[in-house]
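Below, each chain spelled out in residue letters.
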Amino acid sequence: MSLFTRLAAAAVLVAAATTGVSAKEWKTVRIGTEGAYPPFNYVENNEIKGFDIDIAKALCEKMKVTCTFTAQDWDGIIPALLAGKYDAIVASMSITEERKKQIAFSKKYYNTPASFVAPKDTKITDTSPAALKGKVLGAQGSTIHSNYLEDVYAKAGAEVKLYGKQDEANLDLANGRLDAVLADKVVLLEWMATKEGECCKFVGSEYKDPKYFGEGVGVGIRKDDPELVAMFNKAIDEILADGTYKKINEKYFPFSVY
């Protein structure tokens, strides 16, 4: 083989290698969400709706991609992303150090506090771990709220019950099976505006400790898709800058959730 032939072959191999590692061109982005966390994501008339969904659609429009949506039970939402069922999670997922060990995140697109809710006739006024010793507390499992209850309140002597969906925890609270529930304050506010939620009221303080409650809510993405992370980050900046975010926020809330 001549020197020219060897050089030509080497050039072809280099070109092939370069092509193989080029960034993926995203034209369709498959989005996973829970569909059971109103007002952020829920199913109505067989259609997934909510704040998360409207934000996702706005981001997809800025990214100039077609987006599809899939409902997935919360406890399997990260495994399904890693298995390739969809490309991104837009489901009110808080950005935490524990989750960052498994997946990447965009920058935050909202940040709301956690709060306890209890029956209106409760004698609970202090929600410190010591004050809730012996109480039965509920939360949705595999969430920042369940992690906080298990790590802080269970160790202080409270009984912690976990549920597959937020509505199940709320139902047990309404039926007197729980002394209090810890969840996102906006989600609880939405529930308390319903007939079923008339039973209850907020008690204690708001909870925002980043160690447990993260840095806000972001889009969850596989670590091997950095270009998609960059696309979402750019799109979040754009909807914040041009008023799109504010318009969506006002559709759902009388206050800013950013």
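What counts, and at which threshold
- Residues numbered from 1 in each chain as written.
- Predicted model: local features only at pLDDT ≥ 70, side-chain atom pairs only at ≥ 80, totals over all residues.
- Heavy atoms only, no water.
- Helix = DSSP H or I, 4+ residues; strand = E, 2+ residues; numbered from the N terminus.
- Buried < 20%, exposed > 50% of the residue type's maximum accessible area, 1.4 Å probe, protein only.
- Contact = heavy atoms within 4.5 Å.
- Areas by Shrake-Rupley, 256 points an atom, 1.4 Å probe, with all protein chains shown as cover.
- Lys, Arg positive; Asp, Glu negative; His and termini not counted.
- Charge placed at Lys NZ, Arg CZ, Asp CG, Glu CD.
- 1 Å grid on protein atoms, 1.4 Å probe; cavity = no way out; pocket = protein on both sides within 12 Å on 5 of 7 lines; lining within 4 Å.
- Points joined across faces, edges and corners; volume = space filled by probe spheres on them.
- Nonpolar A, V, L, I, M, F, W, Y, C, P; charged D, E, K, R; others polar.

(A) Structural view of the overall build of the protein chain. A count of helical and extended segments in the protein chain gives 10 helices and 13 strands. Overall size of the protein chain, expressed as C-alpha extent along the three principal axes, is 90 × 40 × 30 Å. The 258 residues of the protein chain split such that 47% are buried. Sequence separation of at least 24 residues holds for 70% of the intrachain contacts in the protein chain that already meet a minimum separation of 6. Accessible surface, the protein chain: about 13000 Å² in total, of which carbon and sulfur atoms supply 53%. For the protein chain, the distance from the average site of its 33 positive side-chain charges to the average site of its 35 negative ones is 2 Å.

(B) Highlighting the layout of surface pockets. Counted as a void, the largest pocket has a volume near 390 Å³. The wall of the largest pocket is formed by 17 residues, among which Thr 96, Glu 98, Arg 99, Ser 142 and Asn 147 lie closest to the centre. Mapped by element, the contributors of at least two residues to the lining of the largest pocket are α3 (77-82), α4 (97-100), α5 (144-153) and α8 (210-213). Among the residues forming the lining of the largest pocket, the class breakdown is 7 nonpolar, 4 polar and 6 charged. The computed volume of the second largest pocket comes to approximately 330 Å³. As for the second largest pocket, its lining consists of 25 residues, and the residues nearest its centre are Ser 94, Thr 112, Ile 144, His 145 and Asp 184. Elements supplying a minimum of two residues to the lining of the second largest pocket: β6 (88-94) and α5. Among the elements that line the lining of the second largest pocket, the one with the most residues is β6, at 4 residues. In the lining of the second largest pocket, the residues fall into 11 nonpolar, 10 polar and 4 charged.

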